[in-house]
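Observations on the model geometry
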Amino acid sequence: GAVVSQHPSWVICKSGTSVKIECRSLDFQATTMFWYRQFPKQSLMLMATSNEGSKATYEQGVEKDKFLINHASLTLSTLTVTSAHPEDSSFYICSASSGTRLITFGSGTRLTVV
Amino acid sequence: GEDVEQSLFLSVREGDSSVINCTYTDSSSTYLYWYKQEPGAGLQLLTYIFSNMDMKQDQRLTVLLNKKDKHLSLRIADTQTGDSAIYFCAESYSGGGADGLTFGKGTHLIIQP
């Protein structure tokens, strides 16, 4: 149990376009979802926390207009990187929690902006 | 602020035990985790420990917690080539997911034949 599916696994996009990443909890209701970013050979940095039905809470330094997070249902959260630039290239990982279980991570999305 | 520190690399011979160390600064940490990340993949939860525990063992994995020194370690017995990965130490105040996790930079475990 406690499976989190993240899609796509990797994506290459042109500079200036937008990319949407999906994070789904397959067998539990995720009241809270988290989005992390990982630069090469670095740790994961929390970008934002989203609760179902409410606006996401962004960490300091993360542009909310750049990284749009939608958590419209208890099983789906999306992260949209708007007007992507090469410096947005990174590994993005989501995680989900039902509030009573430990946090489960998705498999990550490798974004390359060219 | 919160901080989690780990050594960047650890090299061990196949069959030996690996000990990966971690220190943290937030004394309110309630849950401490060890995650494994293989190249290009997401995080796999290996084990976790509550702050009121000193030790937890799960098959080849042993976690030791020294709360006084804010020191956490992960011991992998009989290290195999499949154990080669990056191991992240992480902490949170609320294990149920009310807040996110704070991660260390990860320790690259390198297995020598």
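Below you will find a few notes about this structure. Treat the numbers as computed from the prediction; the structure is a model and nothing was measured. (Residues numbered from 1 in each chain as written. Chains lettered and ligands numbered in written order. Predicted model: local features only at pLDDT ≥ 70, side-chain atom pairs only at ≥ 80, totals over all residues. Heavy atoms only, no water.)

1. Re the layout of surface pockets
The criterion, for reference: Throughout, the protein atoms alone are placed on a 1 Å grid, and a set of points is a cavity if a 1.4 Å probe fits but cannot get out or a pocket if it is open with protein on both sides within 12 Å along at least five of seven lines; lining residues have an atom within 4 Å of a point. Grid points are joined across faces, edges and corners, and a volume is the space filled by probe spheres set on the points. In DSSP terms, a helix is any run of H or I states spanning at least four residues, a strand is any run of E spanning at least two, and both are numbered starting from the N terminus. Side-chain classes are defined by residue name, with Ala, Val, Leu, Ile, Met, Phe, Trp, Tyr, Cys and Pro counting as nonpolar, Asp, Glu, Lys and Arg as charged, and the others, Gly among them, as polar.
Space inside the largest pocket adds up to approximately 470 Å³. Residue lining of the largest pocket: 22 residues in total, with Leu44 and Met45 of chain A together with Leu101, Thr102 and Phe103 of chain B positioned closest to the centre. At the level of secondary structure, the elements contributing two or more residues to the lining of the largest pocket comprise β5 (44–51) of chain A together with β1 (4–6), β9 (85–92) and β10 (102–103) of chain B. Per element, the largest residue contribution to the lining of the largest pocket is 3 residues, and it comes from β5 of chain A. Grouping the constituent residues of the lining of the largest pocket by class yields 7 nonpolar, 7 polar and 8 charged. One number sums up the size of the second largest pocket: a volume of about 270 Å³. For the lining of the second largest pocket, a count of residues per class yields 6 nonpolar, 5 polar and 4 charged.

2. Topic: the state of the cysteines
The cut-off we apply is this: Note that a disulfide, as used here, is simply two cysteine sulfur atoms within 2.5 Å. Buried residues are those whose accessible area, probed at 1.4 Å on protein chains only, stays under 20% of the maximum for their type, while exposed residues exceed 50% and partly exposed ones sit between those limits.
Using the criterion set out here, one finds 2 disulfides over all chains in the structure. The disulfide partner of Cys23 of chain A is Cys94 of chain A, and the gap between their sulfur atoms is 2.0 Å. An S-S torsion of about 80 degrees defines the bridge between Cys23 of chain A and Cys94 of chain A as right-handed. Of the two residues, Cys23 of chain A is situated in strand β3 (residues 19–25) and Cys94 of chain A in strand β9 (residues 90–97); the sequence distance between them amounts to 71 residues. The exposure class assigned to Cys23 of chain A is buried, which follows from its relative accessible area of 0%. The side chain of Cys22 of chain B participates in a disulfide bridge whose partner is Cys89 of chain B; the two sulfur atoms lie 2.0 Å from each other. One disulfide, between Cys22 of chain B and Cys89 of chain B, carries an S-S torsion of -65 degrees and so falls in the left-handed class. Here Cys22 of chain B, found in strand β3 (residues 18–24), pairs with Cys89 of chain B, found in strand β9; they are 67 residues apart in sequence, far enough to count as distant. No difference in accessibility class separates Cys22 of chain B from Cys89 of chain B, as the two residues are buried. Distance from the sulfur of Cys13 of chain A, which forms no disulfide, to the nearest cysteine sulfur (Cys94 of chain A) is 18 Å.

3. A closer look at the packing of aromatic side chains
We apply this condition: The criterion for an aromatic pair is that two Phe, Tyr or Trp rings (for Trp, the six-membered ring) have centres within 6.5 Å, with stacked assigned to planes under 30 degrees apart, edge-to-face to planes over 60 apart and tilted to the rest. By definition, being over a ring means that NZ of Lys or CZ of Arg is both within 6 Å of the ring centre and within 35 degrees of the ring normal.
In this structure the tally under the stated criterion is 11 aromatic pairs over all chains. Seen in terms of ring centroids, Phe67 of chain A and Tyr92 of chain A are 6.3 Å apart; in terms of plane orientation they differ by 45 degrees. Their pairing is tilted. Of this pair, Phe67 of chain A sits in strand β7 (residues 67–73) while Tyr92 of chain A sits in strand β9; the two residues are 25 residues apart in sequence, bridging distant segments of the chain. Chaining the aromatic ring pairs together yields one cluster made of Tyr36 and Phe105 of chain A together with Tyr31, Tyr33, Tyr35, Tyr48, Phe50, Phe88 and Phe103 of chain B. Its end group placed over the ring of Tyr48 of chain B, Lys56 of chain B keeps NZ or CZ at 3.8 Å from the ring centre.

4. A short note on the pairing of strand β6 (residues 55–58) of chain B
Where a strand is regular, its side chains alternate between the two sheet faces. Residues and elements named next belong to chain B. Under the convention used in this document: Strand pairing requires that DSSP identify at least two bridges connecting the strands.
Of the strand pairs in this sheet, β6 and strand β7 (residues 61–66) are connected by 4 bridges, and their pairing is antiparallel. Considered in β7, the bridge of Lys56 is made with Val63. Between the end of β6 and the start of β7, which pair antiparallel, lie 2 residues, with Gln59 showing a positive phi angle near 55 degrees.

5. Focus: the sheet that holds β1 of chain B
Residue and element names in this part refer to chain B. Filter applied, for reference: Fitting a line to C-alpha atoms yields each axis, with helices limited to the stretch in contact; the angle taken between N-to-C directions then spans 0 to 180 degrees.
Judged by pairing direction, the sheet is antiparallel, and its 5 strands sit side by side in the order β1-β3-β8-β7-β6 without closing on themselves. The open sheet has two edge strands, β1 and β6, and neither has a second partner. Across the sheet, the axes of successive neighbouring strands diverge by a mean angle of 15 degrees, strand direction being ignored. Both β1 and β3 contribute to a ladder of 3 bridges, which runs antiparallel.

6. Overview of the pattern of salt bridges
Residues and elements named next belong to chain B. Here is the rule: A pair is scored as a salt bridge if a Lys or Arg side-chain nitrogen falls within 4 Å of a carboxyl oxygen belonging to Asp or Glu.
If you walk through the whole model with that rule in mind, you get 5 salt bridges over all chains. Across the pair Glu38 and Lys36 runs a salt bridge whose closest N-O atoms are separated by 4.0 Å. Classification of Glu38 as partly exposed rests on a relative accessible area of 38%. Classification of Lys36 by relative accessible area gives buried; the value is 9%.

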